[in-house]
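# Secondary and tertiary structure notes
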Amino acid sequence: MTAFQPRVFSGVQPTGNLHLGNYLGAISRFVPLQDQMPALYCVVDLHALTVWQDPEDLTRATREVTAAYLAAGIDPKKAIIFNQSQVKEHAELAWVFNCIARMGWLKRMTQFKDKAGKNQENASVGLFAYPNLMAADILAYRATHVPVGEDQKQHLELTRDIAQKFNNDYAERIKELGLGVPNPEPNPEMPDELYFPLTEPMIAGTATRIMSLRDGTKKMSKSDPSDLSRINLTDDQDAIAKKIKKAKTDPEPLPSEVKGLEERPEANNLVGIYAALSGQTKDEVLAEFGGQQFSAFKPALSELAVAKLAPMCEEMKRLVEDPTHIDAILGEGAERAAEIAEPVLHDVRRIAGLLEARYGHR
Ligand code: TYM
């Protein structure tokens, strides 16, 4: 290979309620990319297992995330849609990366600290090694582009660090076996040929960090105990309207420029949501609503959110009622994904010197 083939990979965990942050920060952005380059969209059920999941709920949620992908407009004829556990290469490469990543790197991960809370001793080993599995998801396909929300930035930096250390540690071997790709960003500290690409995080747009509707300083999250804090993709029209109506605000009217949103986290969040849903910039939204009270802005936001989300929600509900159809898509997707990941793992075994007598030699 003379250059890395552009390829998109991203994933969503099947843990409880999908919300507006998942949609605007990730899923909605997956859709146009499927027309730009080969794409894989994964339901990361092995990641979900890092904290306790009721087995039946996990299966249901796996199908529900798949339904959300489809309802949002991902076409399984173009992109590969599959669930992680059906492609064993993810777990296998994650083990190799467990041996590449350093304890110190993982100890710095803020998501682990947040999720494990005060009682780290009682967190699963899987939760600690979570970012290594995420690196394996991406690199099992040598993916070059990863669209995610802001909260995944640190994990993607770690993915680059893992790729870099693997490329460095095995540099001679990669070259000897003729498996390297010329480094697209030549640099004296790095080998001139790489096996894994240094993945590009795609964190862009107005919706990379949607905040809680109850507290503009906290991220909108599946795990927030207050359901009023988030708009779920399964919420009906009344629920969406009610949550926007109850969303926390401040007493001032909306400013007419983005600068006026500084120090006003709730106003900033609602304007950002409006901008992302309408495909406008925040400036454009403020050009229309600047000077108006929230009592005028909220009904407009509500109407927009319902118009955008209700048809998708209906489609999701229709799709989850046919699990056979969903399972067929996931099964076919897993086969197509494995076709890409199997040769990568074959290379990785050769590079690392893991004997492959059972598979024969290429
Ligand atoms: P997860 O399941 O927590 O979230 C799925 C996607 O939604 C984005 N997101 C948000 N974006 C904007 N505002 C928010 N409030 C918000 N909340 C969530 C997340 O950034 C993410 O893009 N570790 C990942 C899943 C994963 C993955 C991967 C992603 C596993 N392997 C490989 C990319 C590539 C996660 O927990 O996402």
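Notes on the structure in this doc start here. The structure presented is a predicted model; accordingly, all values stated were derived computationally and were not measured. (Residues numbered from 1 in each chain as written. Predicted model: local features only at pLDDT ≥ 70, side-chain atom pairs only at ≥ 80, totals over all residues. Heavy atoms only, no water.)

## Overview of the nonpolar core
As a reminder of what qualifies: We call a set of buried Ala, Val, Leu, Ile, Met, Phe, Trp, Tyr and Cys residues a nonpolar core when their side-chain atoms join them within 4.5 Å. The rule is simple: take the accessible area with a 1.4 Å probe, protein chains only, and divide by the maximum for that residue type; under 20% is buried, over 50% is exposed, in between is partly exposed. Strands here are runs of E lasting at least two residues and helices are runs of H or I lasting at least four, both read from the DSSP assignment and numbered beginning at the N terminus. Throughout, a residue-residue contact means that at least one pair of heavy atoms, one from each residue, lies within 4.5 Å.
Counting residues in hydrophobic clusters, the biggest one holds 59 residues, and the most contacted among them are Tyr-41, Tyr-69, Ile-273 and Phe-297. Considering every element that reaches this core, the biggest residue donor is helix α13 (residues 294-320), with 10 residues. Beyond its immediate chain neighbours, meaning those up to four positions away, Phe-297 contacts Leu-254, Leu-270, Val-271, Tyr-274, Val-285 and Phe-289. With 54 residues, the next largest nonpolar core counts Leu-93, Ala-101, Tyr-130 and Ala-143 among its residues.

## Considerations on helix α14 (residues 323-352)
Operational definition: Any helix carries an expected span of 1.5 Å times its number of residues minus one. Note that bend, as reported per residue, equals the angle between axes fitted to the 7 residues terminating at that residue and the 7 residues originating from it.
Here α14 spans 40 Å end to end across 30 residues, near enough to the 44 Å set by a 1.5 Å rise per residue. Residue Glu-339 marks the point of greatest curvature in α14, where the axis turns by about 30°; the proline Pro-343 follows within four residues.

## Some points on helix α1 (residues 20-33)
Across its 14 residues, α1 extends 19 Å between first and last C-alpha, which sits within 8% of the 20 Å expected from 1.5 Å per residue. Where α1 bends most, the angle comes to about 30°, and this point is Ala-26. Extensive coverage of α1 is indicated by the burial of 12 of its 14 residues. For α1, the set of buried residues is Leu-20, Gly-21, Asn-22, Tyr-23, Leu-24, Gly-25, Ala-26, Ile-27, Arg-29, Phe-30, Val-31 and Leu-33.

## Describing the side chain of Gln-111
Defined as follows: Polar contacts, as used here, are pairs of N or O atoms within 3.5 Å; protein pairs need one atom able to donate a hydrogen and one able to accept it. Residues neighboring in sequence count only if both atoms are side-chain atoms.
Of note, Gln-111 is situated in helix α6 (residues 110-116). In this structure the side chain of Gln-111 is engaged in a polar contact, spanning 3.4 Å, whose partner is the side chain of Gln-152.

## Quick word on a positive patch on the surface
Put simply, the rule reads: Nonpolar side chains (Val, Leu, Ile, Met, Phe, Trp, Tyr) within 5 Å and like charges within 9 Å form the patches, drawn only from residues with over 30% relative accessible area and no salt bridge. Computed by Shrake-Rupley with a 1.4 Å probe, the accessible areas treat only the displayed protein chains as cover when residues are assessed. Note on definitions: salt bridges are taken to be side-chain nitrogens of Lys or Arg within 4 Å of carboxyl oxygens of Asp or Glu. Only four residue types enter the charge count, namely Lys and Arg as positive and Asp and Glu as negative; His and the chain termini do not. A single reference atom marks each charge: NZ on Lys, CZ on Arg, CG on Asp, CD on Glu.
Taken together, Arg-214, Lys-242, Lys-245 and Lys-246 make up a surface patch of like positive charges. Tracing the backbone shows Lys-242 in helix α10 (residues 237-246).

## Section: the pattern of salt bridges
In the structure shown here, the tally under the stated rule is 19 salt bridges. Linking Glu-89 and Lys-88 is a salt bridge whose minimum nitrogen-to-oxygen distance equals 3.3 Å. Using a relative accessible area of 2% as the deciding quantity, one classes Glu-89 as buried. Looking at Lys-88, the relative accessible area reads 52%, which means it is exposed. Put simply, Asp-235 and Lys-243 hold a salt bridge, and the shortest N to O gap is 2.6 Å. For the residue pair Asp-235 and Lys-243, the accessibility class agrees, reading buried in each case. Among the charged side chains, a salt-bridge network with shared partners connects Asp-227, Arg-230, Asp-235 and Lys-243.

## Focus on the site of the ligand
Short version of the rule: By convention in these notes, a residue is near a molecule or strand provided one of its non-hydrogen atoms lies within 4 Å of it. Gly falls in the polar group here, along with every residue not listed as nonpolar (Ala, Val, Leu, Ile, Met, Phe, Trp, Tyr, Cys, Pro) or charged (Asp, Glu, Lys, Arg).
Surveying the vicinity of the ligand reveals 28 residues, the closest of which are Gln-13, Tyr-130, Asp-137, Asp-151 and Ile-210. For the ligand, an oxygen atom lies 3.1 Å from a polar atom in the side chain of Asn-22. In the environment of the ligand, a nitrogen atom lies 3.0 Å from a nitrogen or oxygen atom belonging to the backbone of Met-220. Relative to its unbound accessible surface of 710 Å², the ligand loses 96% to contact with the protein. Counted by class, the shell around the ligand contains 12 nonpolar, 11 polar and five charged residues.

## Looking at unusual backbone geometry
Unlike most non-glycine residues, Arg-142 shows phi in positive territory, near 45°. At Glu-263, a residue that is not glycine, the phi angle is positive and equals roughly 65°. Relative to the helices and strands, Glu-263 resides in the loop between α10 and α11 (265-278). In this structure Glu-263 comes out as exposed when scored by relative accessible area, which is 79%.

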